[in-house]
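# Analysis of the macromolecular model
Each chain, letter by letter, is given below.
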Amino acid sequence: DRLNINSQIEHLQSKYVGTGHADTIKHEWATNQYRDSLASFAGHNCLLSYMSVAENECKARVKLNLLEKMLQPCGPPPEKEEL
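In what follows, the accompanying structure is described. (Residues numbered from 1 in each chain as written. Predicted model: local features only at pLDDT ≥ 70, side-chain atom pairs only at ≥ 80, totals over all residues. Heavy atoms only, no water.)

### Observations concerning the overall build of the protein
Note the cut-off: Elements are defined by DSSP. Helices are runs of H or I of four residues or more, strands are runs of E of two residues or more, and each kind is numbered from the N terminus. Atoms considered for the radius of gyration are the C-alpha atoms alone. The globule rule reads 2.2 Å times the number of residues to the power 0.38.
Secondary structure assignment for the protein yields 4 helices and 0 strands. Counted from the first residue to the last, the protein has its helices and strands arranged as α-α-α-α. For a compact globule of 83 residues, the expected C-alpha radius of gyration is about 12 Å, and the protein comes in at 17 Å, more than 25% above that figure. In terms of its C-alpha atoms, the protein occupies a principal-axis envelope of roughly 55 × 35 × 15 Å.

### A closer look at the nonpolar core
To be explicit about the condition: Definition of nonpolar core: a set of buried residues of the types Ala, Val, Leu, Ile, Met, Phe, Trp, Tyr and Cys, connected through side-chain atoms within 4.5 Å. Burial classes: relative accessible area under 20% of the type maximum marks a residue as buried, over 50% as exposed, and values in between as partly exposed (1.4 Å probe, protein chains only). Whether two residues touch is decided by their heavy atoms; if any such pair falls within 4.5 Å, the residues are in contact.
Listed in full, the 6 residues of the largest apolar core are Leu38, Ala42, Leu48, Met51, Val62 and Leu66. At the level of secondary structure, the elements contributing two or more residues to this core comprise α2 (26-43), α3 (45-55) and α4 (59-69). Aside from chain neighbours lying at most four places away, what touches Leu48 is Phe41, Ala42, Lys59, Val62, Lys63 and Leu66.

### Some thoughts on the side chain of Ser52
Along the polypeptide, Ser52 turns up in helix α3. The residues touching Ser52, leaving out its near neighbours within four places in the chain, are Glu57, Cys58, Lys59 and Val62.

### Brief notes about the packing of α2 against α3
Inclusion rule: Between N-to-C directions, angles span 0 to 180 degrees; the directions come from axes that are lines fitted to C-alpha atoms, helices contributing only their stretch in contact. Reported orientations rely on four angle classes, namely roughly parallel under 35 degrees, roughly antiparallel over 145, roughly perpendicular from 65 to 115, and oblique for the rest.
Running from N to C, α2 and α3 cross one another at 90 degrees; their axes reach a closest spacing of 5 Å. Classified by the angle their axes make, α2 and α3 are roughly perpendicular. Taking contact as the criterion, the partners of Ser40, Phe41, Ala42 and Gly43 in α2 are, on α3, Asn45, Leu47, Leu48 and Met51.

### Considering α3
One turn of the α-helix equals 3.6 residues, which is why residues spaced by three or four share an orientation. Going by this rule: As used here, the arc belongs to the directions running from the helix axis to the C-beta atoms.
Among all positions of α3, only Leu48, Met51 and Ser52 are buried. End-on, the buried residues of α3 take up no more than an arc of 100 degrees, which puts them together on one face. The exposed set on the far side of α3, more than 90 degrees from its buried face, consists of Cys46, Tyr50, Val53 and Ala54. Those residues of α3 hidden inside the fold are in contact with α2 and α4. Taken from the residues just after α3, Asn56 is the one with a positive phi, measuring 55 degrees.

Next up, the structure:
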């Protein structure tokens, strides 16, 4: 039963990018969370309208800004240590 649960978890982790794995570092996890949030803001018209009113910009400009933030939402990745 435990082997079945582990295989299901591994299958879900390979299928969905944001679920992470044993080697996921903090930066990767934070980047996935941030990108998911930005995609949600850009994809929901009501949230996009609210943000455009708050920023006094048109919806297209706010959506463009959100999409540009998705490139490196948490800054550049940390350098990998060599063993």
